[in-house]
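# Structural overview for review
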Amino acid sequence: MRPFEGRLLLTSRQGHTPMDLGFILRLASSKAIARCSHKEKILDEWQISAYGPFRMRLDFLPRPGQLDLPTLWIHGQDDDLVGRKEMQAAAAATGGRLETIPDAGHLATLDQPEYFADLAAEFLGQQ
């Protein structure tokens, strides 16, 4: 893999530095090993049919209005995979709340775990 390809696949940032690919591979490997030990498929069923060769096959954007519960949408400020415009549309369609996590990419929960935890605890405390 050429260096830039890793950055395209792994848009997460810690202090604006691409996240360590080894760390992500260790997480994914441990999850796959655990699933195999329980005779489960490595990917979730939705993932198997969701990914196409160039883009996602699934488009849930027309369906968020079907959610009848409070929603919190989390977006990494530096997310190169899911745009802010799409996140705003999803939040608006559900009447939900959109929060942007600074200094975070697509894996915002890994980039800024404390920030995410505070947002989630505050949101859940309001419910």
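Rules used throughout
Residues numbered from 1 in each chain as written. Predicted model: local features only at pLDDT ≥ 70, side-chain atom pairs only at ≥ 80, totals over all residues. Heavy atoms only, no water. Helix = DSSP H or I, 4+ residues; strand = E, 2+ residues; numbered from the N terminus. Buried < 20%, exposed > 50% of the residue type's maximum accessible area, 1.4 Å probe, protein only. Polar contact = N/O pair within 3.5 Å; in protein donor to acceptor, adjacent residues only side chain to side chain. Contact = heavy atoms within 4.5 Å. pLDDT = per-residue confidence, 0-100. Salt bridge = Lys/Arg side-chain N within 4 Å of Asp/Glu carboxyl O. Patch = residues over 30% accessible without salt bridge, like charges linked within 9 Å, V, L, I, M, F, W, Y side chains within 5 Å. Areas by Shrake-Rupley, 256 points an atom, 1.4 Å probe, with all protein chains shown as cover.

## Description of the side chain of His-75
Here His-75 lies in strand S3 (residues 72-76). Take His-75: its relative accessible area is 3%, and that puts it in the buried class. A polar contact of 2.7 Å, which involves the side chain of His-75, links it to the backbone oxygen of Val-82. Not counting the four nearest positions on each side in its chain, His-75 is found in contact with Val-82, Gly-83, Arg-84, Met-87, Leu-98, Glu-99, Thr-100 and Ile-101.

## Quick look at the confidence of the model for the protein chain
Mean pLDDT over the protein chain stands at 78; residues scoring 70 or higher make up 80%. The least confident element of the protein chain is helix H1 (residues 3-9), whose mean pLDDT is 37; the most confident is strand S4 (residues 97-101), at 96.

## Here's the deal with the side chain of Asp-79
Among the secondary structure elements, Asp-79 is positioned in the loop between S3 and helix H4 (84-94). You can call Asp-79 buried: its relative accessible area is 13%.

## A short note on unusual backbone geometry
Positive phi, close to 60°, is recorded for Lys-39, a residue that is not glycine. Mapping Lys-39 onto the fold places it in the loop between helix H2 (21-37) and helix H3 (45-50). Residue class for Lys-39 comes out exposed when judged on its relative accessible area of 77%. Even without being a glycine, Asp-103 presents a positive backbone phi close to 55°. Structurally, Asp-103 can be placed in the loop between S4 and helix H5 (108-111).

## A closer look at the pattern of salt bridges
For side chains of opposite charge, pairing can occur when their charged atoms come near one another. All told, the structure shown has three salt bridges when counted by the stated rule. Glu-99 serves as the salt-bridge partner of Arg-97, at 2.9 Å between the closest nitrogen and oxygen. In this structure Arg-97 comes out as partly exposed when scored by relative accessible area, which is 23%. Ionic pairing is found between Arg-97 and Glu-122, a salt bridge with its closest N-O pair at 2.6 Å. Taken together, the residues span a long stretch of sequence, with Arg-97 in strand S4 and Glu-122 in helix H6 (residues 113-126) at a distance of 25 residues. With relative accessibility at 35%, the residue Glu-122 sits in the partly exposed group. One continuous salt-bridge network, built from bridges that share partners, spans Arg-97, Glu-99 and Glu-122.

## Here's the deal with a nonpolar patch on the surface
Taken together, the side chains of Trp-46, Tyr-51, Met-56 and Leu-58 present a nonpolar region at the surface, about 380 Å² in accessible area. Look at Trp-46 and you get partly exposed, because its relative accessible area is 43%.

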